[in-house]
Amino acid sequence: KVPGSRLIVALNADASVARLKGQGRPVHALRDRMKVINSLSVVDWVISFDEDTPLNLIEAISPDVLVKGGDYSVNDIVGAKYVLNRGGEVMVLPFVDGHSTSSIIKQLSTSKQ
């Protein structure tokens with residue numbers, strides 16, 4: 001097995017998103033979000049988790065590479081210590097300004113005023 005040879009994308013379940021992001025979230029139901037991600041040819045599996053963090057899932061999967069998008073540092077990523085302690089790698093993808101759901105919602109609410 002080559003490290004990083006399978007791409008598993010984990011999504012917060014709807015209840016988890018609502019707890020973390022507040023009323024009116026998620027904008028798209030889990031089923032729809034999973035369909036979109038699963039349609040990407042590079043994705044091998046799409047799974048969801050109900051907890052507020054994916055730590056239990058990360059420990060169950062034991063990935064060789066853990067990737068998080070956004071403006072995080074490796075030290076702030078849930079599960080990073082676990083992956084690093086196992087000899088894995090943790091990467092942060094660059095955040096693309098204006099493309100997050102929160103940013104789009106803010107832009108839409110501003111344009112309505």
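Residues numbered from 1 in each chain as written. Predicted model: local features only at pLDDT ≥ 70, side-chain atom pairs only at ≥ 80, totals over all residues. Heavy atoms only, no water.

**Q** Can you explain the pairing of strand 1 (residues 8–12)? Please cite residues and give values.
**A** Residue alternation in strand 1 divides its side chains into a buried set, Val9 and Leu11, and an unburied set, Ile8, Ala10 and Asn12. Pairing between strand 1 and strand 2 (residues 45–49): 5 bridges, direction parallel. What sits directly across from Ile8, in strand 2, is Trp45. (Buried < 20%, exposed > 50% of the residue type's maximum accessible area, 1.4 Å probe, protein only. Helix = DSSP H or I, 4+ residues; strand = E, 2+ residues; numbered from the N terminus. Pairing = 2+ DSSP bridges.)

**Q** Can you tell me about the pairing of strand 4 (residues 89–93), naming the residues and giving the values?
**A** Relative to strand 4, strand 3 (residues 65–69) is paired through 5 bridges, and the arrangement is parallel. Bridge pairing in strand 4 places Leu66 opposite Val90.

**Q** Any details on the side chain of Ser62? Residues and values, ideally.
**A** Relative to the elements of secondary structure, Ser62 occurs in the loop between helix 3 (55–61) and strand 3. The class for Ser62 is buried, based on a relative accessible area of 18%. Every residue in contact with Ser62, bar those within four places of it in the chain, is listed here: Tyr82 and Arg86. (Contact = heavy atoms within 4.5 Å.)

**Q** I'd like a rundown of the environment of Ala18, residues and numbers included.
**A** The residue Ala18 is located in helix 1 (residues 14–21) in this model. Take Ala18: its relative accessible area is 31%, and that puts it in the partly exposed class. For the pair formed by Ala18 and Val42, sequence separation is 24 residues and the distance between their alpha carbons is 28 Å. In this structure, Ala18 is in contact with Arg25 and Pro26, ignoring residues within four places of it in sequence.

**Q** Describe in detail unusual backbone geometry, supporting the description with residues and values.
**A** Here the amide bond leading from Arg25 into Pro26 is cis, since omega sits at 0°, within 30 degrees of zero. With respect to the element layout, Pro26 can be found in the loop between helix 1 and helix 2 (30–38). Non-glycine residue Ser62 carries a positive phi angle of around 55°.

**Q** Account for the pattern of salt bridges, naming residues and giving values.
**A** Enumeration according to the criterion identifies 2 salt bridges in this entry. The partner of Arg33 in a salt bridge is Asp14, with the nearest N and O atoms 2.7 Å apart. With a gap of 19 residues between them, Arg33 in helix 2 and Asp14 in helix 1 connect regions that are remote in the sequence. Classification of Arg33 as buried rests on a relative accessible area of 19%. (Salt bridge = Lys/Arg side-chain N within 4 Å of Asp/Glu carboxyl O.)

**Q** Would you mind going over the side chain of Arg25 in detail, with residue names and values included?
**A** Tracing the sequence through the fold places Arg25 in the loop between helix 1 and helix 2. When sequence neighbours within four positions are dropped, the list of residues in contact with Arg25 reads Val17, Ala18, Thr101, Ser102 and Ile105.

Purely geometric numbers; function is a separate question.
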